[in-house]
Amino acid sequence: MMIANLLEIFNPSLGYLLLGNTPIANLLELLSFPFMQRAIAGGVLMGILGGFLGTFVVLRQLSFFSHAVGHSALVGVVLGVLLQVDPNWTLLPFTLLFGLSSLYLIERTKLPSDSVFSIAVSGALAIGVILTSFIPGYRGNLMGVLFGDILAIGQTDILLIVGLLGISCLFLFSTWRQQILLTLNPELAQVQGVSVDIYRYLFVVLLSLTVAISIKAVGILLINAFLVIPAATAKLMTHHFTLFIALSVILGATSSLVGMLGSGLFNFASGPSIVVVQFSVFLAVLGGSQIFQLIGFRRQ
């Protein structure tokens, strides 16, 4: 309430508005709590991470992969509850194992990748639902797993996000040329001696861990949108690779911040609020691009 008190001193009418029972006053009060500050910091950091990796997800057509890994994470969460340990300690290794196993099956079988992912995610979801029946007592807290609870982000989660973001930047920027070749032309990359399989598996490790960490914020059902929508929106705005990545990161971070502030202002769920902001921006950019194309076509 310090902000509201200062505003009351310098502008009594505005201070009265903020100190009254209004959404703005409630938001300012909410921002004074450490858990909300951690939630905003975590949301923005995950927006940056999701926007950064999401560019490669979109260009390499891995959106269904992130979808499958996110849904399979239910098993990891339930295992943590059953073993009475922090679900992060079971969620992270399980999603990593699932992602690597799925990629291995795709490379070792002649089945299409979407078929492998469909089979794997169906089996994992079925196992996860069955395992929930062994959880004693009230199971309503699992709703947070499905739709996210970013307010539950703690200091450890923020450290994990910062660490993963640093590792992702270090890995991708130090192998920038190889990553561009792998993204734009995997066959050419293999001809030029790039270890395609190694780089592919390392990227899957980063993507699987990102999905696992982001689940607490946006939930299993919305995690794919968190990775794909900012990157897809940026792709509509530019065809320049570097600018594409920069726009995706900016959109991921700003949409997370706006979504978090909107959820606090109107008392909405935080994860869905972020995705709604991302979806709204996507529709606006898509509509704008269609209008520009129509104007250009008419001028021709």
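Everything that follows concerns the structure shown earlier in this document.
Residues numbered from 1 in each chain as written. Predicted model: local features only at pLDDT ≥ 70, side-chain atom pairs only at ≥ 80, totals over all residues. Heavy atoms only, no water.

Side note on the pattern of salt bridges
And then number 1: A complete count under the given rule lists 3 salt bridges for this structure.
And then number 2: Between R108 and E107 there is a salt bridge, with the nearest N and O atoms lying 3.9 Å from each other.
And then number 3: On the basis of relative accessible area, R108 is assigned to the exposed category, the value being 55%.
And then number 4: Assessed through its relative accessible area of 25%, E107 is described here as partly exposed.
And then number 5: Where salt bridges share partners, they join E107, R108, D197 and R200 into one cluster. (Salt bridge = Lys/Arg side-chain N within 4 Å of Asp/Glu carboxyl O. Buried < 20%, exposed > 50% of the residue type's maximum accessible area, 1.4 Å probe, protein only.)

With respect to the nonpolar core
And then number 1: The biggest cluster of nonpolar side chains holds 69 residues, and the ones touching the most others in it are M46, F52, F56, I150, L172, F203 and M260.
And then number 2: Here the element with the most residues in this core is helix α12 (residues 196-218); it accounts for 13 residues.
And then number 3: Setting aside residues up to four positions removed in sequence, M260 forms contacts with M36, A39, I40, I150, S270 and I274.
And then number 4: With 5 residues, the next largest nonpolar core counts A231, A234, L247 and L251 among its residues. (Core = buried A, V, L, I, M, F, W, Y, C linked by side-chain atoms within 4.5 Å. Helix = DSSP H or I, 4+ residues; strand = E, 2+ residues; numbered from the N terminus. Contact = heavy atoms within 4.5 Å.)

Side note on the layout of surface pockets
And then number 1: Its boundaries defined by the atoms lining it, the largest pocket holds a volume of some 520 Å³.
And then number 2: Lining the largest pocket are 20 residues, with R60, Q61, L62, L103 and R200 positioned closest to its centre.
And then number 3: Those elements that place two or more of their residues in the lining of the largest pocket are α5 (63-83), α6 (87-108), α7 (113-132), α10 (176-184) and α12.
And then number 4: Take the lining of the largest pocket: its biggest share by element is 5 residues, from α12.
And then number 5: For the lining of the largest pocket, the per-class residue count stands at 13 nonpolar, 3 polar and 4 charged. (1 Å grid on protein atoms, 1.4 Å probe; cavity = no way out; pocket = protein on both sides within 12 Å on 5 of 7 lines; lining within 4 Å. Points joined across faces, edges and corners; volume = space filled by probe spheres on them. Nonpolar A, V, L, I, M, F, W, Y, C, P; charged D, E, K, R; others polar.)

As for the environment of V228
And then number 1: Take V228: it is sitting in helix α13 (residues 223-237).
And then number 2: By relative accessible area, which is 18% here, V228 ends up buried.
And then number 3: Expressed as a C-alpha distance, the spacing of V228 and G252, which sit 24 residues apart in the sequence, is 9.7 Å.
And then number 4: In this structure, V228 is in contact with V57, V58 and S63, ignoring residues within four places of it in sequence.

What to know about unusual backbone geometry
And then number 1: Positive phi, close to 55 degrees, is recorded for Q61, a residue that is not glycine.
And then number 2: Among the structural elements, Q61 can be located in the loop between α4 (34-59) and α5.
And then number 3: In this structure, Q84 is a non-glycine residue whose phi angle is positive, near 60 degrees.
And then number 4: By the element assignment, Q84 lies in the loop between α5 and α6.
And then number 5: Residue class for Q84 comes out exposed when judged on its relative accessible area of 72%.

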